[in-house]
Amino acid sequence: MSPTPSKNHAHLSVARPAAVEAPIAVARTIREVKPYLATSSLEAIHGRPDQVPLKLDWNESTVPPSPKVISAITAFLGQEHHLNWYPVLNSTNLIEKLERFHGLSGDRLLITNGSDDALDTICTTYLDPGDTVLVPSPTYTHFLVFAQKRSANIVPVYGEDAFGPNLEGIIDAAVRLRPRLLYLVNPNNPTGVIYSPDEVSAIAAACPETLVICDEAYSEFAGVSAIGLLEAHPNLIITRTFSKAYGIAGLRIGYAMGAPEVIRDLRRVFNPKSVNVLAQIGAMAALEDQEYLNWYLGEVKASKALIEAYFQRRALDCRITPANYFLVHFDQAPWVVKRLQEEGVYVRDRSGLNQLAGYVRFSIGTTDQTRDLLKRLDQILDR
Ligand SMILES: Cc1ncc(COP(=O)(O)O)c(C=O)c1O
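Remember, it's a predicted structure, so these values are computed and weren't measured experimentally.

This paragraph deals with the domain arrangement of the protein chain. Entries for the protein chain in the domain assignment read domain 1 (10-64 + 291-381) and domain 2 (67-289). Computed from C-alpha atoms alone, the centre-to-centre distance between domain 1 and domain 2 is 23 Å. Between domain 1 and domain 2, the contact holds 31 residues from the first and 28 residues from the second. Secondary structure elements with two or more residues in the side of domain 1 that touches domain 2: helix H11 (290-313) and strand S10 (325-329). Considering every element that reaches the side of domain 1 that touches domain 2, the biggest residue donor is H11, with six residues. Its residues assigned to classes, the side of domain 1 that touches domain 2 comprises 17 nonpolar, seven polar and seven charged.

See the structure below:
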């Protein structure tokens, strides 16, 4: 008998930690780790089938991936042996494509289960307890969990203005502290601060004993990359993802690019079968459809003009980033977020981050979706 899938997912929600003593103590290195606190809007979305949702909370693509991705996966599933075999080990099939795409040799590439997996693998490979990790902040906080798992000493570097560059501050701290790792998100999530390749090069040159991670999760939107620096800076590693511009966050696939010696060392701990077969096939097809990617990038860019004009008109502090999201300051951010959710718009309140009190982050989608968003915003702000 085949199991009947339940439409009600409530029973699957993760239980709150009980205030009783755990039967088995966790490892010493894990005791101080604070879980990445993220709530998904999916349960709320599934609970409102009457509404067209605008899911703008996690900076995913707002449209399905290229139709070529769907065809490739469907064709694969039509074959005799599909899911019963392990995937191609180390995703050498995708490495071949990325070699050509980026003009890099395969020994500089590691394909991972989302770029989070690349960040985690880097922390596992390079951090001993107490090692210093420098983090220009505020930034993507999930990385902190990977560093905490290794009992690292995380040192955030804040500039005077969260939305302005802080090149000197970063270089000063890197020279003074000589960290094992420096985690630079470029363009940054959520502030959108972006450093040019020359500036990234200056950071990498200032701390040759530090592995500088340049997280380029949003680089397709910004059109800026440090890939051209890899040859000159063996202490630089770049992470990329198929979750954002390529629209396959649900498949979980990303990659790292670095010096062959660094990639070789990452492979010491990396599980060669951790990237699933559908993710490999989907990523290869997504990469081949650059026309579709460019269409989506164009839509996001055109949306930014609409957003800018709208918030200027409303005299609200809006920070449009070079990536696919913007931040708006609201005096009553939690109320706005709640009202937006009632209107089917799911966004991320970033008020809890240092220097970002009152700021709410919205992902940017197509121009049609943006017009719809602005209409729904009108309904809330005009009341
Ligand atoms: C800066 C940054 N890096 C990495 C990730 C995670 O990406 P992936 O889905 O590839 O694990 C995100 C997701 O929001 C992100 O914002």
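Our next topic: unusual backbone geometry. Cis geometry marks the peptide bond from Ser-137 to Pro-138; its omega dihedral reads -5 degrees. Within the secondary structure layout, Pro-138 lies in the loop between strand S3 (132-137) and helix H5 (142-149). Phi angles above zero are rare outside glycine, and Asn-59 is one such case at about 60 degrees. Relative to the helices and strands, Asn-59 is located in the loop between strand S1 (54-55) and helix H2 (67-77). By C-beta crowding, Asn-59 is classed as buried, having 24 other C-beta atoms within 10 Å. Phi at Arg-178 takes a positive value of approximately 40 degrees, unusual for a residue other than glycine.

With that settled, consider the sheet that holds strand S13 (residues 359-363). The antiparallel open sheet is built from four strands, whose spatial order is S9-S10-S13-S12. Of all strands in the sheet, those bounded by a partner on one side alone are strand S9 (318-320) and strand S12 (348-349). Bridging between S9 and S10 involves three bridges; their strand directions are antiparallel. Across the sheet, residue Cys-318 finds its bridge partner in S10, namely Val-328.

Cut-off values and rules
- Residues numbered from 1 in each chain as written.
- Predicted model: local features only at pLDDT ≥ 70, side-chain atom pairs only at ≥ 80, totals over all residues.
- Domains from an automatic or database assignment.
- Contact = placed C-beta atoms within 7 Å.
- Helix = DSSP H or I, 4+ residues; strand = E, 2+ residues; numbered from the N terminus.
- Nonpolar A, V, L, I, M, F, W, Y, C, P; charged D, E, K, R; others polar.
- Buried ≥ 20, exposed ≤ 12 C-beta atoms within 10 Å, placed from the backbone.
- Pairing = 2+ DSSP bridges.

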